[in-house]
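These are the residues of each chain, in order.
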Amino acid sequence: METFVKPDIDWAALSPVLVLLGGAALTMLVPLFLPVGVRRGFSAFVAAAALIGAGVAAAILFAHDDSGRGIVADALRRDRLAELAQVILAGAGLLAIGVSYREPGRREGIGDYYTLLLSAVGGMCFFVSANSLMTLFLGLEWFSISLYIMCAIAVDRLGSLEAGLKYLIVGSFGSAILLFGSALVYGATGEIGFEAIERAAAGGDRFLLVTGLAMLLVGLAFKVSAAPFHMWTPDVYQGAPTPVTAFMSAATKVAGLVLTLRLLTTAFGSQEELWTLSLAVIACISLAWGNLAALVQTDVKRLLAYSSVSHAGFLLIPIAVGTPLGGRALLYYLMPYAAMNVGSFAIVAARERELARPVTLSDLSGMGWERPFHGIAMAIFMFGFIGLPPAGLFLGKFYAFSAAVERGWAWLAIVGVVATVVSIYYYLGVVRAMYVSPGELRLAPAGGSPPRDPALTTAVAASLAVTVGTFFAAGPLIDLARDGVEFLRFPF
Amino acid sequence: MITTALIVLPFAGALVLWILPWRTSTAAGGLALLVALGELALWVGTVVNFDFGISGLQYDAERTWFSDLGVSYKVGLYDFSLWLVGLTALVAVASIGYGMWAGRVRPGAYFGLLLFLTGATVGVFTAQDLLLFYVFFEAMLIPLYVLIGVWGGAGRTGATIKFIVYTMGGSLLMLVAIIAFGLDRGSFDMTELGTSDSTWIFLGFVIAFAVKAPLWPFHGWLPDAYREAPAEVSALLSGVVSKTAAYGLLRIVLPSFPEQVADWRTVVLVLASIGLVYGSLLAFRAPDVRGVIAYSSLAQMCLIVIGLFAFNDSGLNGALLQMVNHGLISASLFLLAGTVERRTATGDLHLLGGMARGRPVLATLFIVVGVVALAVPGSTAFAGEFLVLNGIFPVGWGWAVVGAAAMVLAAMYVLRLVSAVLHRDVGTMVPDAALDLRPGETSLVGMLVIALLALSFWPAGITNHVFGGQPQQAVTTRFSE
């Protein structure tokens, strides 16, 4: 009988996750002993500190690591891909705190919210470094469960509960498919470690392997809301409290796509004929579905949700091509994308607080002039989502299309271009609503200016700075992205 | 350094205008006008020190942007782009001045956007990296969208959507072409592009420029955009922004795709000829002032493309001269249309008329611009069109016949416009109290007219100072001197 050998644990490599978990413990327990009035400030402060700590830890690891190595008996991988993703995730979480801070709601249990936020980021940080099917699933459930609760956290609002439940059911369905896929891959190869799967894949049962991989991809596609597995996205994005939507729209994509890249290149790098084209097809479906459905939306959160589906398509293009350039494109794209997502939902949140009701396009009319900073920021985000300079997303799309063209898939780039042209209509619809549409500003019944919200404004300003900064500082950031994917074994 | 300053100055001015609060249109417009005048002065300084003996790049500056795909911030001036930058600066001064004179609501935003547009246009004319070129090319769309969408006329929503979807549809295809071209070369540096024999890449560029110019049949956005925009925005749009398309054909398509240009020349010439005649006919039938100018703009851009695709010394020289001419002419005409609309609240030709009586300055400027626009012999437009026809004649006399016929049509629509606005009976919408041009208007339009007259006296001022004196060779060798 084999004895259990305790694996070496590289605590330094786990530090981002540990810092976040420590922060989560603090925000869960300490506020209970504090007066209600200071709970929010304390929790937000601890959460911000933990996220900054995690981000700094990941950045330090990034600076020290050269090539990657497996840790904790190869269950996780310590490499720059994970660390760069962790920095982005921590940044997205930090921005989300700014958006959340003044969210109206119960104040007693406010610590729970930040606990869940930290736990979700921690789970994602764990997830992106997953190096076996077991840790993959563990990380996925870890952050997903946190997100399910976060979606339902506004318990006095029916929409929020509905969103949480819907996300729970559909998300569990996705997880189950992913888990079943993992089992099939294990059945085909007898391995759960990514590298081991790669080694054993050639000799394994072909049918089981293909089915298993397909189910893995479907499960991940659920998480990154790629069509046709996006059905939950508009409902959940719309129903969840807007700061939660802001966070999860950005962070889930980062985590899910980075892990998809890692899984496919590490475990299935030599089986590229199984996934490159099928991912490209999913990308095309997402682009088509997301953009067409967004055209007819009037609720701004739903519109942005479909925009998120379409961007899942854009983001799958660089993964599908399976080249180093694609890897760089993905990581670079995620930086401005995450910031723009949080930023645009933050503005929706601000508007929602002002009007005390869900924001439709016509609720935005005149906002551009009455709230100049939010208006300009939103306009830049919208122009950026289209892919107009000076937003980093312009270069992100440029890189994604470049990756497709370099691979010889100019058709995929052209699909992306056509999707972009379609998207112009609804993104500009938001700008049009803010600046062009006639009609009076519809203030909240109380009238007057909304209360100042420096935390949210700071988050918007930071998102804006990242959005524009990634454009001008593209060179160094792409170097970082290159370091991030340097040691992945791309099939092409 | 100077090139960078030419690009950055308007952008910096725009930022200042957006950030500071402005109480009056005059203050914001005044600052914008100062910036535009500064831009013009900077350009004059550049011209004085420019070496016109060579066709190569001057005043260039370069900084790596991101290295893995070989993209850099590289800018510089060729002798022909210098004139287009000058055109941009001059039209910007007139347009911004006109906007200030007319007064616009939310002046900070408005004049900032005008300066942003100016900066982006200068960027297009000076960028020497394909991606940078594309960035500026797209950056022009943002201010145009907002300017037309917010300050435009009643049909502005439809006009902006049409405009943006048309032009971005074209230019995004160009993005794919740029990517394919740049990856193939390993660098996006426009001075080292070399040639390509890919028809797809060629078409990607040509369609983008055909939409922007516009050429027939890609002009669907044109009448609405030109009609709905504020007068000074139309002036910039048709005077300057449309020239970026002709510039792109000249700078990228002609030098880099010699085989395709030869193969597709007939197709392009057929489209351009159709557009020339069709645009002229529509201009003759258009019911309003802006419509006449808009469709004449379509016709003129087609003529410029004919000159470019003649691809010989005379044709290229003529095309470039005509680019500057048409820029000045259509900017003046749109500003004059603006002055007329201000006085009568309509552009409908049936409701106008008789405005010459008691308004000598308006009548004089209108007629002078009109006479130049119809290319009366001795005018700079005549010189330009003559060179174009002279260039296209050796390619095939039929093209020259079409071009010459279009000159007759130009006379018809310009004279119809002049008589409908200035002569005939006094229109129902023309109040007796409508004033003559005010000094502000006179000086702004007058400035453009003086430039036109100066060029009429000395068109060689431009034709002798472009392409290092040898257009065809300069284009064939891709301006590498």
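That block above? That's the structure.
If you're wondering where the values come from, they're calculated on a predicted model, not measured in any experiment.

Draft legend 1. Region of the structure containing the overall build of chain A. Within chain A, the secondary structure is distributed over 19 helices and two strands. In terms of overall size, chain A behaves like a compact globule, its C-alpha atoms giving a radius of gyration of 21 Å where 492 residues would be expected to give roughly 23 Å. If one aligns the C-alpha atoms of chain A with their principal axes, the spans along those axes are about 70 × 55 × 40 Å. In chain A, buried positions account for 64% of the 492 residues. Contacts in chain A between residues at least 24 apart in sequence constitute 81% of all its contacts with a sequence separation of at least 6.

Draft legend 2. Structural detail: the pairing of strand β2 (residues 71–77) of chain B. Residues and elements named next belong to chain B. Among the seven residues of β2, six are classified as buried, and the element is accordingly described as predominantly covered. Taken together, the six bridges between strand β1 (residues 58–66) and β2 define a ladder with antiparallel strand orientation. When the sheet's bridge partners are listed, Phe66 is paired in β2 with Val71. Once β1 ends, the chain turns through four residues before running back antiparallel as β2, passing Gly70 with a positive phi of about 70°.

Draft legend 3. Quick look at the interface of chain B and chain A. Counting residues at the interface gives 30 residues for chain B, matched by 25 residues for chain A. At the level of elements, β1, α5 (130–139), α6 (141–151) and α7 (156–185) of chain B are the ones that each hand at least two residues to the side of chain B that touches chain A. A per-element tally of the side of chain B that touches chain A places α7 of chain B first, with 13 residues. For the side of chain B that touches chain A, the class distribution of residues is 22 nonpolar, five polar and three charged.

Draft legend 4. Spatial organisation of the packing of α7 of chain B against helix α8 (residues 199–212) of chain B. Residues and elements named next belong to chain B. Between α7 and α8, whose axes approach to 8 Å, the crossing angle comes to 155°. Between α7 and α8, the angle falls in the class roughly antiparallel. Remark: the crossing between α7 and α8 carries left-handed chirality. On α8, the residues touching Tyr166, Thr167, Gly170, Ser171, Leu173, Met174, Val176, Ala177, Ala180 and Phe181 of α7 are Ile201, Gly204, Phe205, Ile207, Ala208, Val211 and Lys212. Residues that form the contact of α7 with α8 fall into these classes: 12 nonpolar, four polar and one charged.

Draft legend 5. Here's a closer look at helix α16 (residues 392–406) of chain A. Residues and elements named next belong to chain A. Over its 15 residues, α16 runs 21 Å from end to end, which matches the ideal 21 Å to within 8%, given 1.5 Å per residue. Buried residues dominate α16, accounting for 15 of its 15 residues. Once α16 finishes, Gly408 follows within two positions and takes phi at roughly 90°, a positive value.

Draft legend 6. Spatial organisation of the packing of helix α4 (residues 110–128) of chain A against helix α10 (residues 242–267) of chain A. Residues and elements named next belong to chain A. Viewed as axis vectors pointing N to C, α4 and α10 meet at an angle of 15°, and their least axial separation amounts to 8 Å. Taken together, α4 and α10 sit at an angle that is classed as roughly parallel. The handedness of the crossing between α4 and α10 is left-handed. Between α4, through Leu117, Val121, Met124, Phe127 and Val128, and α10, the contact on the second element is made entirely by Phe247, Ala251, Ala255, Val258 and Leu259. Taken together, the residues of the contact of α4 with α10 sort by class into 10 nonpolar, no polar and no charged.

Draft legend 7. Structural view of the environment of Asp263 of chain B. Note that Asp263 of chain B resides in helix α11 (residues 258–285). Along the backbone, Asp263 of chain B and Thr199 of chain B are 64 residues apart, and their C-alpha atoms lie at a distance of 9.6 Å.

Draft legend 8. Spotlight on unusual backbone geometry. The residue after Ala227 of chain A, namely Pro228 of chain A, is reached through a cis peptide bond having omega 0°. Structurally, Pro228 of chain A is set in the loop between α8 (206–223) and α9 (232–239). With an omega of 0°, the peptide bond between Trp216 of chain B and Pro217 of chain B qualifies as cis. Of note, Pro217 of chain B is situated in the loop between α8 and α9 (222–228). For Phe311 of chain B, which is not a glycine, the phi torsion comes out positive at approximately 55°. Inspection of the secondary structure puts Phe311 of chain B in the loop between α12 (289–310) and α13 (313–344). Accessibility expressed as a C-beta count within 10 Å gives 21 for Phe311 of chain B, which makes it buried. Residues other than glycine seldom take positive phi values, yet Arg424 of chain B does so here, at roughly 60°.

Draft legend 9. Structural view of α4 of chain A. Relative to the 27 Å expected for 19 residues at 1.5 Å per residue, α4 of chain A spans 28 Å between its end C-alpha atoms, a close match to the ideal helical length. Of all 19 residues in α4 of chain A, 18 are buried, a share of seventy percent or more.

Draft legend 10. Summary view of the nonpolar core. In terms of nonpolar packing, the biggest core is built from 403 residues, with Val254 and Val342 of chain A together with Ala246 and Val305 of chain B touching the most fellow members. Here this core takes 19 residues from helix α13 (residues 324–355) of chain A, the largest share from any one element. Residues within four places of Val305 of chain B in sequence aside, it is in contact with Ala213, Leu215, Ala246, Leu249, Val268 and Ala272 of chain B.

Draft legend 11. Structural detail: the environment of Gly182 of chain B. Residue and element names in this part refer to chain B. Mapped onto the elements, Gly182 comes out in helix α7. The spatial distance from the C-alpha of Gly182 to the C-alpha of Asp129 is 9.7 Å, given a sequence separation of 53 residues. Sequence-distant contacts of Gly182, defined by excluding residues within four places in its chain, comprise Leu69, Leu130, Ser187 and Phe188.

The rules behind the values
Residues numbered from 1 in each chain as written. Chains lettered and ligands numbered in written order. Predicted model: local features only at pLDDT ≥ 70, side-chain atom pairs only at ≥ 80, totals over all residues. Helix = DSSP H or I, 4+ residues; strand = E, 2+ residues; numbered from the N terminus. Rg over C-alpha atoms; globule rule 2.2 N^0.38 Å. Buried ≥ 20, exposed ≤ 12 C-beta atoms within 10 Å, placed from the backbone. Contact = placed C-beta atoms within 7 Å. Pairing = 2+ DSSP bridges. Nonpolar A, V, L, I, M, F, W, Y, C, P; charged D, E, K, R; others polar. Axes fitted to C-alpha atoms, helices over the stretch in contact; angles between N-to-C directions. Parallel < 35°, antiparallel > 145°, perpendicular 65-115°, else oblique. Left-handed = near helix turned anticlockwise from the far one by under 90°. Expected span 1.5 Å × (residues − 1). Core = buried A, V, L, I, M, F, W, Y, C linked by C-beta atoms within 7 Å.

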